[in-house]
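A look at the structure
These are the residues of each chain, in order.
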Amino acid sequence: MKLVEIKEITGKIILKTGLHIGAGDVEMHIGGTDNPVIIHPFTKEPYIPGSSLKGKVRSLLELRSGLMGITEGEPISISKLKSVKDDMQKEEGKKIIKLFGASAADSEELKDYGPARVSFSDCFFTEEIRQKIKKGEMVATEIKAENSINRITGTAKNPRFTERVPAGIEFEFSITFKKFDTDEDDLEDMLLEGLKMLEMDSLGGNGSRGYGKVKFEFYDKKLNEKFKNIFPFNNKG
């Protein structure tokens, strides 16, 4: 197994609807929100963790392959893949493990797969967006109030205040892709299909409420044109 290329795939993530990626358990302050977004500890700007992108793309690819039902929601592992009977599913699983890696529990057999081919960097505001926020032309976050409705009385109850990054904000993304001489030719295509499914689905929390619709725009014009024409469900059984 020989490393033959390292490619950096870069571009922008454009928010089509508000995005909420939570900051975890925090203390709620009076007059504040009980569901804040994650922010960088130094710049205090919201950002998209690379782990959020990676996890969502991987889960969508595993959903498409049908492997998620076999693993009961856990990421596919080399040991679990051994029990897969369907040849097409097994081949998809091998490619997913090559792209995203396997757990430490699979370390004994990982030599046949090699290291993860992709790594996702954290995504920060584009400089253009950062300057617009500084000038007061845009805001970095907004607070969305949500309630549940009593269906008999029609009254709102259980108010919840969720912080989110508003539509129109743009983040820069960078994905590093490693290619080895023994790799299948379509591994990069699988990565792009996963990103396309993410566009079709949602990123972050509350996707069923319309949050987290995003658009990917690649700085490489040829790659951007190729991505526009990808339909990730062709010939997938």
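Residues numbered from 1 in each chain as written. Predicted model: local features only at pLDDT ≥ 70, side-chain atom pairs only at ≥ 80, totals over all residues. Heavy atoms only, no water.

1. Thoughts on the nonpolar core
If you look at the biggest cluster of nonpolar residues, it comprises 48 residues, and the most contacted ones within it are I13, I48, L53, F171, F216 and F218. Looking at this core element by element, the count peaks at seven residues for helix α6 (residues 187-200). Once you skip the residues sitting within four places of it in the chain, F218 turns out to touch I9, T10, G11, F173, L192, L195, L223, N224 and F227. (Core = buried A, V, L, I, M, F, W, Y, C linked by side-chain atoms within 4.5 Å. Buried < 20%, exposed > 50% of the residue type's maximum accessible area, 1.4 Å probe, protein only. Helix = DSSP H or I, 4+ residues; strand = E, 2+ residues; numbered from the N terminus. Contact = heavy atoms within 4.5 Å.)

2. Let's talk about the packing of helix α4 (residues 87-100) against α6
Two elements in contact, α4 and α6, have axes whose closest approach is 10 Å; the angle formed by their N-to-C orientations is 85°. One way to sum up the angle between α4 and α6 is to call them roughly perpendicular. Residues E92, K95, I96, K98 and L99 of α4 touch α6, and the partners they reach there are L187, M190 and L191. (Axes fitted to C-alpha atoms, helices over the stretch in contact; angles between N-to-C directions. Parallel < 35°, antiparallel > 145°, perpendicular 65-115°, else oblique.)

3. Structural notes on the packing of α6 against helix α7 (residues 221-228)
Axis separation between α6 and α7 bottoms out at 10 Å; the angle between their running directions is 65°. Remark: the crossing between α6 and α7 carries right-handed chirality. Across the interface between the two elements, E188, D189, L192, L195, K196 and E199 from α6 touch L223, K226, F227 and K228 from α7. For the contact of α6 with α7, a count of residues per class yields four nonpolar, no polar and six charged. (Left-handed = near helix turned anticlockwise from the far one by under 90°. Nonpolar A, V, L, I, M, F, W, Y, C, P; charged D, E, K, R; others polar.)

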